[in-house]
Amino acid sequence: MGGVTQPSQDALPGARPGPLSDRVVLVTGAAGGLGRATAMAAARSGATVVLLGRKVRALEQLYDAIMAESLAQPAIFPLDLEGASAEDYVALADAIAKGCGRLDGIVHAAARFDGLTPLAHVAPDAFLRTLHANLAAPWLLTQACLPMMALRGDAAVVFVLEDPAEVAKPYRGAYGVSKSALPALVSILHAETDRTTVRVHGIRPLPMKTRLRARAYFAEAGGLTHAPDSCADVVVRILAGDLAEWRGKLLEAPEPKRP
């Protein structure tokens, strides 16, 4: 369990105005490939970003990178989603409310994948922790933050999904099980919020060059993958409301096509 640093609620002098100006965005897995790219893109678009992850040093390095560009001061919240409790997520929501005063968006970019393993060989503890990190944690964190987000005129929750045909392949283990269930969570939550100011989105990135993907596709040619930045730009458009018509729908990135 960590604590949110106290960011200024105003952009720093010289911070860039943008489509996310005056908004607060929480990014989980902020030190990872897509998480880091999304945090940087959101900050460059004017947002105050809450950086959530389990590696403090990596979060501090990202904090320094954002500050080096004279962007709005981010906040850091170290938290291991694999072992966090429901009370930890409530405490996080309370800390954001006190430290930032509002929350306009969540991007669930965190994920656990231990590598290709037959289900029969996955340790029970590892199976449960993966399900928690990839499925239970995104929901419990969203649940804790929904009351605060509902106070905004427009807010968005973005879940990162996978190609169902890919995650259902052999040896995807608990990662495949949890990612296969995530679209159902998005669908149900959207159906229950589609008349509210909180938008629910599912985004499925095209193959990205990340450390997580390399664990499953270690022989993949680099030319077959996209940089996480291209997907992050689409996420920013979702957060800003430019792709509001995609609420409740699956959006592929980085090349969104009209629904």
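See the structure above.
Thresholds, definitions, all that
Residues numbered from 1 in each chain as written. Predicted model: local features only at pLDDT ≥ 70, side-chain atom pairs only at ≥ 80, totals over all residues. Heavy atoms only, no water. Axes fitted to C-alpha atoms, helices over the stretch in contact; angles between N-to-C directions. Helix = DSSP H or I, 4+ residues; strand = E, 2+ residues; numbered from the N terminus. Parallel < 35°, antiparallel > 145°, perpendicular 65-115°, else oblique. Left-handed = near helix turned anticlockwise from the far one by under 90°. Contact = heavy atoms within 4.5 Å. Nonpolar A, V, L, I, M, F, W, Y, C, P; charged D, E, K, R; others polar. Pairing = 2+ DSSP bridges. Expected span 1.5 Å × (residues − 1). Buried < 20%, exposed > 50% of the residue type's maximum accessible area, 1.4 Å probe, protein only. Core = buried A, V, L, I, M, F, W, Y, C linked by side-chain atoms within 4.5 Å.

Attention shifts here to the packing of helix α3 (residues 86-100) against helix α4 (residues 124-149). At a minimum axis distance of 9 Å, the contact between α3 and α4 shows a crossing angle of 40°. Classed by the angle they form, the pair α3 and α4 counts as oblique. Considering the relative orientation of α3 and α4, their crossing is right-handed. Here Tyr-89, Val-90, Leu-92, Ala-93, Ile-96 and Ala-97 of α3 come into contact with α4, specifically with His-132, Ala-137, Leu-140, Leu-141, Ala-144, Cys-145 and Met-148. For the contact of α3 with α4, a count of residues per class yields twelve nonpolar, one polar and no charged.

Positive phi, normally seen in glycine, also occurs at Asp-22, with a value near 70°. As for its placement among the helices and strands, Asp-22 is situated in the segment before β1 (24-28).

We now examine the sheet that holds strand β2 (residues 48-53). Spatially, β3-β2-β1-β4-β5-β6-β7 is the arrangement adopted by the seven strands of the open sheet, whose pairing is parallel. Since the sheet does not close on itself, it has two edges, and those belong to β3 (75-78) and β7 (250-253), each with one partner. Taken over all neighbouring pairs, the strand axes of this sheet differ in orientation by 20° on average, direction set aside. Here strand β4 (residues 105-108) pairs with strand β5 (residues 155-160) via four bridges, running parallel. Residue pairing for β5: Gly-105 is matched across the bridge by Ala-156.

This part takes up helix α8 (residues 228-240). Spacing of three or four residues puts side chains on the same side of an α-helix, whose turn is 3.6 residues. The end-to-end C-alpha distance of α8 is 19 Å, a good match for the 18 Å that 13 residues give at a rise of 1.5 Å each. Restricting attention to buried positions, one finds in α8 the residues Pro-228, Cys-231, Ala-232, Val-234, Val-235, Val-236, Ile-238, Leu-239 and Ala-240. In this fold, the buried residues of α8 make contact with β1, α1 (33-44), β4, β5, β6 (198-205) and β7. Positioned one or two residues after α8, Gly-241 has a phi angle of 95°, which is positive.

Counting 38 residues, the largest nonpolar core has Val-49, Leu-51, Val-107, Ile-203, Leu-239 and Leu-251 as the members making the most contacts within it. If you list the elements that add at least two residues to this core, you get β1, α1, β2, α2 (56-68), β5, α8 and β7. In terms of residue count, the dominant contributor to this core is α8 (eight residues). Membership of the second largest hydrophobic core comes to 33 residues, among which are Leu-79, Ala-93, Ile-106 and Leu-189.

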